[in-house]
Amino acid sequence: MDQHTATAGTLLTVTLSLTNTESTDINFVYEFLQATWPENQNQNAYAVVSCTGDITDCTHTDKNAALHLNTPIPPGATRTVKVGVQIPADLSCRQQLNLNWVPYIYYEFNNATQAKDQNWQQGLPALQTTILCPAQPA
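What counts and how
- Residues numbered from 1 in each chain as written.
- Predicted model: local features only at pLDDT ≥ 70, side-chain atom pairs only at ≥ 80, totals over all residues.
- Heavy atoms only, no water.
- Helix = DSSP H or I, 4+ residues; strand = E, 2+ residues; numbered from the N terminus.
- Contact = heavy atoms within 4.5 Å.
- Areas by Shrake-Rupley, 256 points an atom, 1.4 Å probe, with all protein chains shown as cover.
- Lys, Arg positive; Asp, Glu negative; His and termini not counted.
- Charge placed at Lys NZ, Arg CZ, Asp CG, Glu CD.
- Buried < 20%, exposed > 50% of the residue type's maximum accessible area, 1.4 Å probe, protein only.
- Pairing = 2+ DSSP bridges.
- Axes fitted to C-alpha atoms, helices over the stretch in contact; angles between N-to-C directions.

Chemist: Any details on the overall build of the protein chain? Residues and values, ideally.
Modeler: In terms of helices and strands, the protein chain carries 0 helices and 10 strands. Reading the protein chain from its N terminus to its C terminus gives the helix and strand order β-β-β-β-β-β-β-β-β-β. Taking the principal axes of its C-alpha atoms as reference, the protein chain extends roughly 65 × 25 × 20 Å. Once local pairs closer than 6 in sequence are excluded, the contacts in the protein chain between residues at least 24 apart make up 71%. Put simply, the protein chain shows about 7,400 Å² of open surface, and 48% of that area lies on carbon and sulfur atoms. For the protein chain, the centre of its 5 positive side-chain charges and the centre of its 11 negative side-chain charges are spaced 6 Å apart.

Listed below in structure tokens is the structure:
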């Protein structure tokens, strides 16, 4: 996360990298990125707007992104993706929001004969942003 505090109108960037620690090429990678509850239920808190980087494709809704990294990934090599998250300029809230991201990664290696998946821990400080609410009229 490029910013740990945001206000209305801010464009955030979530950066995810995968380094191949296997002894063979990674042949397939699927990543999914979503915010945790309750912010993922808040229709007006944020919107996923883009994906860029070492990807073959990306689909996103207002609340999440699903993508495939460029493969093969040789042992020791890294692939990186950046996901753009827009905080609406007309954000309306009464208390600060805590936007926490939880990525899921699934990959195949050793000529697709082996696979691993990982749900990253919730609450990783690197993937958290506090959204400050605009001042409310008295």
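Chemist: Give me unusual backbone geometry: which residues, what numbers.
Modeler: That bond from T71 to P72 is cis: its omega, 5°, falls within 30 degrees of zero. When you line up the elements, P72 lands in the loop between β6 (64-69) and β7 (78-86). For N111, which is not glycine, the phi torsion reads 55° and is therefore positive. Along the chain, N111 falls in the loop between β8 (97-109) and β9 (114-119). A residue is classified by how much of its surface remains accessible, and N111, at 65% relative accessible area, is exposed. Positive phi values are uncommon outside glycine, yet A112 reaches one of about 65°. Position of A112 among the secondary structure elements: in the loop between β8 and β9. Assessed through its relative accessible area of 44%, A112 is described here as partly exposed.

Chemist: So what about the side chain of T10? Which residues, and what values?
Modeler: Tracing the sequence through the fold places T10 in the loop between β1 (5-6) and β2 (11-19). Contact partners of T10, with chain neighbours within four places excluded, come to Q3, V85, Q86 and I87.

Chemist: Give a description of the sheet that holds strand β4 (residues 47-53) that names residues and reports values.
Modeler: Spatial strand order, β2-β7-β4: 3 strands in an open sheet with antiparallel pairing. Edge positions in the open sheet fall to β2 and β4, since each of these has one partner strand only. Each adjacent strand pair in this sheet contributes to an overall mean axis angle of 20°, direction not counted. One ladder, built from 9 bridges, connects β2 with β7; its direction is antiparallel. Each bridged residue has a counterpart across the sheet, and for T15 the counterpart in β7 is K82.

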